[in-house]
Amino acid sequence: MRIGLMVGSDRERPRADRLDGLLADGTAAESAGFASFWFPQVPGYLDAMTAVALLGRVTERIELGTAVVPIQTRHPLIMAQQAATTQVACGGRFTLGIGPSHHWIIDGQLGLSYDRPARQVAEYLDVLGAALSGPGAVDVENDGYRVHGTIDVTDTFTTPMLIAALGPVMLRLAGERAGGTILWMADERTIDSHIAPRITAAADGAGRPAPRIVAGVPVALCAAGEVDDARAYASEVLGHADFSPNYVRLLEHGDAQDVGDTMAAGDESAVAARLRRYRDAGVTDLAARVVPLGADAAARRESRRRTEQFVASLAADL
């Protein structure tokens, strides 16, 4: 299992420091030996692909990815154009993570249709897949798109793609038409019994390589007596599964009730044991989302440092 970091919006940073801080986080992750660095498209925060393109110019080795960009916010031809440009900026180290997002973002915040999201993804992939296949004409017509354009960005790099896939139809699409999936709020039982078998069967049936299963997992190194509070805090700042029916249905496949229940928390042995269970369930890539704990900013910075350092040290064992 490859070990990477997933970061999100950092509201403790002043707005003027957020982009420079993210670039510093990415370079630090590379220096620490992490294999990958994932950044989400958070509503109202830094644009993910713009930030990843800049990260590509200040790093040399680490894989850089979006986790994830909602498809409804960019026409697929424009998504391909931006992704290919980002790939050039990253020197071939960029992985495009996309997904249909959630109704409360797409409909509630943006006023766009969230009708039949899996069908939206399938129609979107018709265009995006053709556009990412290389420079040249893109001619696709389906029920959702009528596209007759061109892509002329690069013939040096291809752009691997992952799809946020939670249900059976989305997992089939991710296995048949992408390089795998990137997950959030999926515990070990969900991955072992629901995610891995479905996406692997779809990839096998399509004659594609074994799919990547990238799991975003909250992690906090803490004392045993702090674990319950850490889980509750993670659910408060990262969770609220009840906002998203997609996550509610996903949780029904496992033992977790919210994101805090998916967390690797406790001392070194407890964290390592939980992460091994994710590996054994079928996760190919861990995207550790460090949850810093502490009563003030200085304590949280130290908590983040200790947790990241420990997770990085597990690369050889996992």
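Residues numbered from 1 in each chain as written. Predicted model: local features only at pLDDT ≥ 70, side-chain atom pairs only at ≥ 80, totals over all residues. Heavy atoms only, no water.

## Topic: the overall build of the protein chain
What the protein chain contains, in helices and strands, is 11 helices and 12 strands. Relative to a compact globule of 318 residues, whose C-alpha radius of gyration would be 20 Å, the protein chain shows 19 Å and is just as compact. Projected onto its principal axes, the C-alpha coordinates of the protein chain cover approximately 60 × 40 × 40 Å. For the protein chain, the residues scored as buried account for 53% of the 318 residues in total. Counting contacts in the protein chain only where the partners sit at least 6 residues apart, residues at least 24 apart contribute 73% of the total. Accessible surface for the protein chain amounts to roughly 13800 Å². Of this, 50% is attributable to carbon and sulfur atoms. Side chains of the protein chain give 30 positive and 40 negative charges; the mean places of these two sets differ by 1 Å. (Helix = DSSP H or I, 4+ residues; strand = E, 2+ residues; numbered from the N terminus. Rg over C-alpha atoms; globule rule 2.2 N^0.38 Å. Buried < 20%, exposed > 50% of the residue type's maximum accessible area, 1.4 Å probe, protein only. Contact = heavy atoms within 4.5 Å. Areas by Shrake-Rupley, 256 points an atom, 1.4 Å probe, with all protein chains shown as cover. Lys, Arg positive; Asp, Glu negative; His and termini not counted. Charge placed at Lys NZ, Arg CZ, Asp CG, Glu CD.)

## Examining the UniProt feature "domain: Luciferase-like" (unreviewed entry) in the protein chain
According to UniProt, the feature "domain: Luciferase-like" (unreviewed entry) maps to residues 17-284 in the numbering used here. Taken end to end, residues 17-284 is 45% helix and 18% strand, and its first and last C-alpha atoms sit 33 Å apart. (UniProt positions renumbered as here; feature names shortened; annotations may be inferred.)

## Focus on the side chain of Gln-120
With respect to the helices and strands, the residue Gln-120 is situated in helix α5 (residues 117-131). Owing to a relative accessible area of 16%, Gln-120 belongs among the buried residues under this scheme.

## Quick word on the pattern of salt bridges
For the coordinates displayed, the defined rule picks out 18 salt bridges. Taking the shortest distance from any N to any O, the salt bridge between Arg-119 and Glu-123 comes out at 3.1 Å. Of the two residues, Arg-119 and Glu-123 are both situated in helix α5; the distance of 4 residues between them amounts to about one turn of the helix. Given a relative accessible area of 14%, Glu-123 falls into the buried group. Between Arg-274 and Glu-188 there is a salt bridge, with the nearest N and O atoms lying 2.7 Å from each other. Taken together, the residues span a long stretch of sequence, with Arg-274 in helix α10 (residues 268-281) and Glu-188 in helix α7 (residues 188-205) at a distance of 86 residues. (Salt bridge = Lys/Arg side-chain N within 4 Å of Asp/Glu carboxyl O.)

## What to know about the packing of aromatic side chains
We describe a pair of aromatic rings using the distance from one ring centre to the other and the angle between the two ring planes. In total, this model carries 1 aromatic pair according to the counting rule given. Consider the rings of Tyr-124 and Tyr-145, whose centres lie 6.1 Å apart with planes at 75°: the pair is edge-to-face. Note that Tyr-124 is positioned in helix α5 and Tyr-145 in the loop between β6 (136-141) and β7 (146-151), a separation of 21 residues in sequence. Judged by its relative accessible area of 1%, Tyr-124 falls in the buried class. (Phe/Tyr/Trp six-rings, centres within 6.5 Å; stacked < 30°, edge-to-face > 60°.)

## Looking at the pairing of strand β5 (residues 94-99)
In summary, the side chains of a regular strand alternate between the two faces of the sheet. Burial runs high along β5: 6 of the 6 residues are buried. Sheet topology places strand β3 (residues 63-66) next to β5; 2 bridges connect them, and they run parallel. When the sheet's bridge partners are listed, Leu-64 is paired in β5 with Phe-94. Pairing geometry for strand β4 (residues 69-70) and β5, over 2 bridges, is parallel. Within the sheet, the bridge partner assigned to Pro-70 lies in β5 and is Gly-99. With respect to chirality, the unit in which β4 leads through helix α3 (residues 76-89) into the neighbouring parallel β5 is right-handed. Two elements, β5 and strand β8 (residues 161-163), share 3 bridges in a ladder whose sense is parallel. For Leu-96, the partnering residue across the bridge sits in β8 and is Met-161. (Pairing = 2+ DSSP bridges. Right-handed = clockwise from strand over helix to strand, strands pointing away.)

## Quick notes on the nonpolar core
A general feature of soluble globular proteins is that nonpolar side chains tend to end up buried together. In terms of nonpolar packing, the biggest core is built from 102 residues, with Phe-37, Leu-96, Ile-98, Leu-128, Ile-191 and Leu-275 touching the most fellow members. No other element matches strand β10 (residues 212-221), which puts 7 residues into this core. Those residues in contact with Leu-128 that sit more than four places away from it in its chain are Pro-76, Met-79, Ala-80, Leu-96, Ile-98 and Met-161. (Core = buried A, V, L, I, M, F, W, Y, C linked by side-chain atoms within 4.5 Å.)

## Here we look at α3
Over its 14 residues, α3 runs 20 Å from end to end, which matches the ideal 20 Å to within 8%, given 1.5 Å per residue. Regarding α3, the residues found buried are Pro-76, Leu-77, Met-79, Ala-80, Ala-83, Ala-84, Thr-86, Gln-87 and Ala-89. Looking at the packing, one finds that the buried side of α3 touches α2 (48-58), β4, β5, α5, β6 and β7. Just downstream of α3, Gly-91 is the residue with a positive phi angle, here 60°. (Expected span 1.5 Å × (residues − 1).)

## Regarding the packing of α2 against α3
For the pair α2 and α3, interaxial distance at closest approach is 8 Å and the crossing angle is 20°. On the basis of their axis angle, the class for α2 and α3 is roughly parallel. Relative to α3, the crossing made by α2 is left-handed. Only Met-79, Gln-82, Ala-83, Thr-86, Val-88 and Ala-89 of α3 make contact with α2, whose side of the interface consists of Met-49, Thr-50, Val-52, Ala-53, Gly-56 and Arg-57. (Axes fitted to C-alpha atoms, helices over the stretch in contact; angles between N-to-C directions. Parallel < 35°, antiparallel > 145°, perpendicular 65-115°, else oblique. Left-handed = near helix turned anticlockwise from the far one by under 90°.)

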